[in-house]
Amino acid sequence: MLLPGLSLPRHTSTLKVCRLGRFVHTSTASESTGPVRVRFAPSPTGMLHLGGLRTALFNYLLSRRYGGAFVLRIEDTDQTRLVPGATENIINTLEWAGLTFDEGPGRSSAGNYFQSQRADIYRKHAQILLDQGAAYRCFCTPERLESLRTSMASQGRPPAYDRNCRHLSQRQIDEKLRLGEPYTIRLLAPNPVDQASAHVGQFDDAVHGHMHFRGPAGFDDAVLLKSDGLPTYHLANVVDDHLMGITHVLRGEEWLMSTPKHRALFTAFGWPIPQYAHLPLLMNPDGSKLSKRNRDGPVQQYIDDGYLPSALVNYTALLGWHPESNQELFTLQELESQFSLSGLGRSKSVVSRERINWLNRQHIRMALGDSERSAVLVKKACKELAKAPNCDAHSADERTVHKALDLCCDRLTFTSELFSKAPFMFVDPDLLTPEATKLLNKVPEDSRIPIISCVLSNIQSEFKPEWQSLVKTVAEAAQVPNKQVMMMLRFALTGQSSGPKIPDLLDALSIDTIKRRLHRAAHLQK
C-alpha cells in the first residue's frame, strides 16, 4: 500500500540497454509498494559533519515515521582519503544522538556494509554492463584526460569525456588487454535528446520538484570501475541501493547533478529507481558554505561544547524541515511521529549558535521535568563538576547537583556552567569580595546581627520553615524592611548581588549549610 504523505517512485517506463548500446523502451514496471527502506551512506574522510547528521536524522525519521528500516553503509572505496577513527566517530555520534540504525556495521543482520569489502560485487555488475553494451573499457591515460579537460575548459565547455575509447574495435580492445594496458570501465550514458531515454534526465525530486536535465550536464560517460578494480561512487552507490532495497534516497543537493547518471545506471540494470530528495546546503551566517573546516561544522565540536543530544537533534531537524504547527521544541519521539517529506524546504539553512543555545537552555529545563532524562543530566553535570577547580567534590553529590540544576536552569546554557552560576551550592562563599562587600553595605550595620539572630532562632529544628513567612517574621522582629532581610541572607548564603530567589535558595540548601553560613556572616560583623 502507499504510505500517507509519501510520494513513492513510479516506474512508468524503464529502459534497458541492448547489445548495440542504444536505450530502448521495455516493459512497464509496477509502482513500488513495499516498506520504506532508507540509508545513511557517509564516507569516513573526516569526523561527522552537521550536514551529515541532518541527512542521517531525516533518513532515520522517515524510517521511523512509516515503520521502515534505517541502514548505515560506509562508503570507503576511496582509500586514499580515509581518516583513521572516522568510521568509529560516525557510529558513536549516531549513537550519541539516539539515531539507532537497524542494519549496518556491528548489527546482526546479514550483509557487509563496508563498500571496500564488496569489490567483487561491483566488478560483477560492471561486467554485466559490459556484456550488455551499456558500458565500455577506457584505456585513456591520465595525461590524455588532463589534456582533454584543459582543452574543454579553454573553450568554455564543461568537462566531459569525448568517448574516444567507445569507438575501439574488439580487435583493438583485445590487443590492449593482451599488452596489459590499464583501463577503467565507463558508463555509456544515454543521449539526453533521444526521446527514448529522455526520462533519465527528468524526475520528481521530493524537495526541488520536477527536474529536467538537458545537454551534457549529468550525462557524461562516468567512470564506473577504476583501473585498480575499485568502483567509483556512482557504481557502488547504485548497486548497493538496489541490493539493499533502498526505496528513498535522502542526500545533500551536491549530488543532484549526479542523479541522471544514477538513474541511467538503474535503468541499464533494469532496476526500479528510488525516490530522491536532495537536501539544501547548510550555510554560515556570512553566507558561505558550512564545511568540515568550520568550527560549527563537526558534530564532535557540539558534543565537546556540551550541547545535549536532544537539543542538537531538535536544532538539526529544523534546518530545512518545517513542521505543520508552530511547535519549536521537539523530543526525538515527537519528531519521529511528525516528520514528513512534504515539510522539507528548498531554501538553504543558516547555522546559528544563538538559536541552538536557546534550544539547549530549553532542553535542560525539559530534561529536569522527566525522571529518566534528569538522571542522565545530573550524571553529566556531576562529571563536569568533578573537573571544576575549587569545587568541593564531596558536596557535588547527585542530590545536590539536581537541586542546583533546578535552581539555576533558567540561567544555564550548558550544564558545565553550573559551578560558575551557582558556586554557593557546593562551597561556602567568599564574603570579602568587592561584590559581597557592596551587597553588605546596603544593609545598615545595626540591622545585620539582629537579622541573622532572628533567622537562626527560627531554624533550630531539622525541619525547614515556610521561608516566605520566615522572612516576614524576621523583618518584623528586627524592625527592618523585608528587602534588607533578603539582602542579608543573599550576602551570607551566596556572597553575590544576584541569583535565584531567596525562598528558592533556602529551600535548596540544607539546614546545616544555612546555619553554618549565617554564623560565618555574623562572625565577620564582630
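Please read all numbers here as calculations on a predicted model, not as lab measurements. (Residues numbered from 1 in each chain as written. Predicted model: local features only at pLDDT ≥ 70, side-chain atom pairs only at ≥ 80, totals over all residues. Heavy atoms only, no water.)

Q: Tell me what's going on with the packing of helix 6 (residues 233-243) against helix 7 (residues 259-269), and back it up with residues and numbers.
A: Axis separation between helix 6 and helix 7 bottoms out at 10 Å; the angle between their running directions is 55°. Relative to helix 7, helix 6 is oriented oblique. Crossing hand, helix 6 versus helix 7: right-handed. Where helix 6 approaches helix 7, its residues Tyr233, His234, Leu235, Asn237, Val238, Val239, Asp241 and His242 are matched on the opposing element by Lys261, His262, Leu265, Phe266 and Phe269. Residue composition of the contact of helix 6 with helix 7, grouped by class: 7 nonpolar, 4 polar and 2 charged. (Axes fitted to C-alpha atoms, helices over the stretch in contact; angles between N-to-C directions. Helix = DSSP H or I, 4+ residues; strand = E, 2+ residues; numbered from the N terminus. Parallel < 35°, antiparallel > 145°, perpendicular 65-115°, else oblique. Left-handed = near helix turned anticlockwise from the far one by under 90°. Contact = heavy atoms within 4.5 Å. Nonpolar A, V, L, I, M, F, W, Y, C, P; charged D, E, K, R; others polar.)

Q: Please set out the pairing of strand 10 (residues 248-252) residue by residue, giving values where relevant.
A: With 5 of 5 residues buried, strand 10 lies mostly within the body of the structure. With 5 bridges joining them, strand 10 and strand 11 (residues 275-279) adopt parallel strand pairing. Across the sheet, the residue bridging to Val249 is Tyr276, located in strand 11. Once the chain exits strand 10 it traverses helix 7 before rejoining the sheet at strand 11, and the crossover so formed is right-handed. (Buried < 20%, exposed > 50% of the residue type's maximum accessible area, 1.4 Å probe, protein only. Pairing = 2+ DSSP bridges. Right-handed = clockwise from strand over helix to strand, strands pointing away.)

Q: Hey, could you go over helix 9 (residues 309-317) for me, with residue numbers and the actual values?
A: Each α-helix winds once per 3.6 residues, and so residues spaced three or four apart point in a common direction. Most of helix 9 is tucked away: 7 of the 9 residues are buried. The set of residues buried in helix 9 consists of Ala311, Leu312, Val313, Asn314, Tyr315, Thr316 and Ala317. Buried residues in helix 9 make contact with helix 1 (50-65), helix 2 (86-97), helix 8 (299-305), helix 10 (332-338), strand 13 (349-350) and helix 11 (353-368).

Q: Describe the environment of Gln115, naming the residues involved and giving the relevant values.
A: Structurally, the position occupied by Gln115 is in the loop between helix 2 and helix 3 (119-132). Once you skip the residues sitting within four places of it in the chain, Gln115 turns out to touch Arg73, Ile74, Glu75, Asp76, Thr77, Tyr122, Ala236, Asn237 and Asp240.

Q: An account of the sheet that holds strand 5 (residues 135-138) is requested, with residue identities and associated values reported.
A: With antiparallel pairing, 3 strands are arranged side by side in an open sheet as 5-6-9. Sheet topology places strand 5 and strand 9 (223-225) at the edges, where each strand pairs with a single neighbour. Averaged over all adjacent pairs, the angle separating strand axes in this sheet is 45°, with direction ignored. Across 2 bridges, strand 6 (residues 184-187) lies against strand 9 in antiparallel orientation. Across the sheet, residue Arg186 finds its bridge partner in strand 9, namely Val223.

Q: Help me get a handle on the nonpolar core, residues and values and all.
A: Formed by 61 residues in total, the largest nonpolar core has its most connected members in Val401, Leu418 and Phe426. A total of 7 residues in this core trace back to one element, the largest contributor, which is helix 18 (residues 482-494). Beyond its immediate stretch of four places on either side in the chain, Phe426 contacts Leu385, Cys391, Asp392, Ser395, Ala396, Thr400, Val401, Ala404, Leu418 and Phe419. Within the second largest apolar cluster, 46 residues are counted, among which are Leu99, Leu312, Leu341 and Leu344. (Core = buried A, V, L, I, M, F, W, Y, C linked by side-chain atoms within 4.5 Å.)

Everything listed here is a matter of geometry and, on its own, says nothing about what the molecule does.
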